[in-house]
Structure formats: C-alpha cells, structure tokens
Amino acid sequence: APLEEVDLPLFFGWFLLSSVQEKVRCTSMDFLKTLDTLEAFKKHLVDFTGKAENEVDLEQYFKPTGALHCTTKFCNYGKAEGAKEYAENPAVRALYGSAFELSLTALFVTPRTVGARVSLTDEQLKLWPADAEQSSAASLPPGSRAHITLGCAEGVEPVQTGVDLLEILALQQDGQQGEPAEEMELGSLTYYGEGRWLLNLREPIGAPACFSSFYG
Ligand code: A2P
C-alpha cells in the first residue's frame with residue numbers, strides 16, 4: 001500500500017543483509033574480546049565497573065539488540081517530530097526498497113553502548129533527516145550521527161548509541177585528540193575519557209543494506 005494509507009513506521013533505516021550482519025557481529029565480538037584484555041583498557045576499568053573490580057567481560061556486559069540496522073528517521077508511528085515530512089520526502093519515496101552499500105569506518109564503546117560508525121555517501125545523505133544531529137551541543141555535519149547499534153548495557157535503550165557517538169565527535173571537533181591507546185589488528189584505538197573508546201578501522205567494512213522501514 002502507498003505510504004499515506006498506512007500508519008508511519010517505528011523508524012526508517014538501512015537494514016543489513018543477514019550474511020553481513022554475521023560478519024559485523026563477529027568483528028564486534030573480536031574487538032570486545034580483545035579490548036577488555038588490553039592494559040590501556042584495564043587502566044580505566046573503573047569507568048565500566050564503578051568500583052575496584054579487576055575485570056569485566058565486555059561480551060557479557062553488552063546485550064545484543066536485534067537485527068542490525070542504521071536508523072535514518074525515528075518516526076514513532078508518526079508521533080515523532082518531522083515524521084510525516086520525512087516519509088513524504090521524494091528521495092525517501094524514490095529510494096524505498098533500494099539496495100545500498102554502507103561503509104562502517106569505526107567501532108566505539110562506552111559504558112552504555114557499543115556501535116559502529118557509518119560514513120554516508122552523498123546519495124545516502126539524501127535520506128538523512130536534517131534534525132538528526134540536533135541533540136548535540138556541537139554543530140556537527142549532517143550524517144555525523146549515522147551508526148549501527150551493536151549492543152547496549154543492561155537497562156540502556158538503543159537511542160543512547162547515537163548520543164554516545166555524537167559526544168565523541170563533539171570532543172574531536174573541540175580539538176580533543178584523545179589518548180592514542182593501542183594499534184590493534186583492526187585499526188587504531190583512542191581513549192576519550194569517561195569510558196569512551198573509538199577504534200578507527202584500518203579497512204572500512206562494506207555492508208550491503210536495504211533502505212526500508214520497521215513497524216515492530
Ligand atoms: P539506534 O538507531 O541508535 O539503534 P526502540 O527499540 O528503542 O524503539 O528503537 C528502535 C530504533 O530506533 C533503534 O534502532 C533506536 O536507536 C532508534 N531510536 C529510538 N529512539 C530514537 C530517537 N529518539 N531518535 C533517533 N533514533 C531513535
């Protein structure tokens with residue numbers, strides 16, 4: 001049915017094909033498995049445990065969050081601001097159901113979430129809502145928030161992942177280089193304080209994905 005005849009979805013986004021979901025999950029698990037063994041990470045362990053525990057198992061710490069996707073517009077069935085306008089955007093209508101290739105360029109971890117940063121192409125940016133970066137105090141370029149939630153700590157909602165990414169990018173924009181922590185096989189790891197870690201991938205992961213929506 002045409003979009004105007006049905007309720008608006010919970011959200012629009014790019015949904016990773018199942019074969020690549022597995023690959024991304026494996027990469028993220030490998031990263032978490034290595035991260036919690038690094039001396040640099042252990043030095044800041046209190047960020048995660050809040051007390052003087054000497055280990056944390058990050059693979060257990062983060063709970064998986066369902067099918068991997070990169071949200072473009074959270075519509076909340078039409079209740080979110082700008083939802084109807086987004087669904088009526090000609091680019092959204094024209095590209096609905098089309099295949100894309102997302103480029104995952106970094107992985108990040110905070111005491112709340114683990115996610116992958118997505119670097120959008122100009123064509124992909126046509127599907128990006130103008131208000132996505134508004135929650136950040138910094139003025140970050142459109143697309144900055146684009147990410148895939150890979151896991152959340154107990155009691156944390158997936159919406160937090162984008163907030164965590166924007167926070168790291170705001171620090172970078174503010175001139176904070178972070179503390180280079182380790183050269184890993186996957187790329188270089190930087191610490192931004194308060195439990196915030198960013199791994200810039202040596203080789204971006206290309207992820208085929210379908211632009212569609214989720215009703216739940
Ligand atoms: P994310 O895109 O970071 O993974 P929920 O299950 O909590 O209803 O969320 C469904 C999806 O919509 C998730 O992917 C989630 O976060 C995203 N989401 C939820 N709330 C918002 C919001 N206020 N703004 C942007 N994205 C949201």
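See the structure above.
Residues numbered from 1 in each chain as written. Predicted model: local features only at pLDDT ≥ 70, side-chain atom pairs only at ≥ 80, totals over all residues. Heavy atoms only, no water.

1. Considerations on the state of the cysteines
Put plainly, two cysteines are in a disulfide when a covalent bond ties their sulfur atoms together. Going through the model one piece at a time under the given rule, you end up with zero disulfides. Here cysteine 26 stays free of any disulfide, with the sulfur of cysteine 152 as its closest cysteine sulfur at 19 Å. For cysteine 26, a relative accessible area of 46% puts it in the partly exposed group. Not engaged in a disulfide, the cysteine cysteine 152 finds its nearest cysteine sulfur in cysteine 70; these two sulfurs lie 15 Å apart. Given the relative accessible area of 3%, cysteine 152 is considered buried. (Disulfide = S-S within 2.5 Å. Buried < 20%, exposed > 50% of the residue type's maximum accessible area, 1.4 Å probe, protein only.)

2. What to know about the site of the ligand
Looking at the ligand, the residues that line it are Leu10, Phe11, His69, Thr71, Phe74, His147, Thr149, Glu157, Pro158 and Val159. Contact distances for the ligand include 2.6 Å between an oxygen atom and a side-chain N or O atom of threonine 71. A total of 540 Å² of accessible area belongs to the ligand in isolation, and the protein chains cover 71% of it. Elements supplying a minimum of two residues to the shell around the ligand: strand S3 (69-74) and strand S6 (147-153). Residue contributions to the shell around the ligand peak at three residues, all from S3. (Near = heavy atom within 4 Å. Polar contact = N/O pair within 3.5 Å; in protein donor to acceptor, adjacent residues only side chain to side chain. Areas by Shrake-Rupley, 256 points an atom, 1.4 Å probe, with all protein chains shown as cover. Helix = DSSP H or I, 4+ residues; strand = E, 2+ residues; numbered from the N terminus.)

3. Looking at the pattern of salt bridges
In this structure the tally under the stated criterion is seven salt bridges. Ionic pairing is found between arginine 196 and glutamate 167, a salt bridge with its closest N-O pair at 2.7 Å. Here arginine 196 is found in the loop between strand S8 (187-191) and strand S9 (197-214), whereas its partner glutamate 167 is found in helix H8 (residues 159-173), with 29 residues between them in sequence. A relative accessible area of 7% means that arginine 196 is categorised as buried. (Salt bridge = Lys/Arg side-chain N within 4 Å of Asp/Glu carboxyl O.)

4. Describing the packing of aromatic side chains
Scanning all chains against the criterion turns up 13 aromatic pairs. Measuring from ring centre to ring centre gives 5.8 Å for phenylalanine 11 and phenylalanine 15, while their planes differ by 20 degrees; the resulting arrangement is stacked. The same class applies to phenylalanine 11 and to phenylalanine 15, which are both buried. Judged by centre distance (5.5 Å) and plane angle (65 degrees), the rings of phenylalanine 48 and tyrosine 61 are edge-to-face. On the criterion of sequence distance, the pair formed by phenylalanine 48 in helix H3 (residues 46-49) and tyrosine 61 in helix H4 (residues 58-61) is long-range, its members being 13 residues apart. The exposure class of phenylalanine 48 is buried, given its relative accessible area of 7%. Assessed through its relative accessible area of 21%, tyrosine 61 is described here as partly exposed. (Phe/Tyr/Trp six-rings, centres within 6.5 Å; stacked < 30°, edge-to-face > 60°.)

5. Focus: the nonpolar core
Residues Trp14 and Leu102 are the most contacted members of the largest nonpolar core, which totals 51 residues. Looking at this core element by element, the count peaks at seven residues for S9. Dropping the residues within four chain positions of it, leucine 102 is found in contact with Trp14, Leu16, Cys70, Val118, Leu120, Gln124, Ile205, Gly206, Ala207 and Ala209. Counting ten residues, the second largest nonpolar core, distinct from the first, contains Ala106, Leu140, Leu169 and Leu198. (Core = buried A, V, L, I, M, F, W, Y, C linked by side-chain atoms within 4.5 Å. Contact = heavy atoms within 4.5 Å.)

6. Details of the side chain of threonine 190
When you line up the elements, threonine 190 lands in strand S8. Look past the residues within four positions of threonine 190 in its chain and what remains in contact with it is Gln177, Gly178, Glu179, Pro180, Ala181, Arg196, Trp197 and Leu198.

7. Re unusual backbone geometry
Its identity as a non-glycine residue notwithstanding, tyrosine 77 has a phi of 60 degrees, on the positive side. Even without being glycine, glutamate 194 reaches a positive phi, approximately 50 degrees. Inspection of the secondary structure puts glutamate 194 in the loop between S8 and S9. A relative accessible area of 59% places glutamate 194 in the exposed class.

Function cannot be inferred from these measures alone, as they are strictly geometric.
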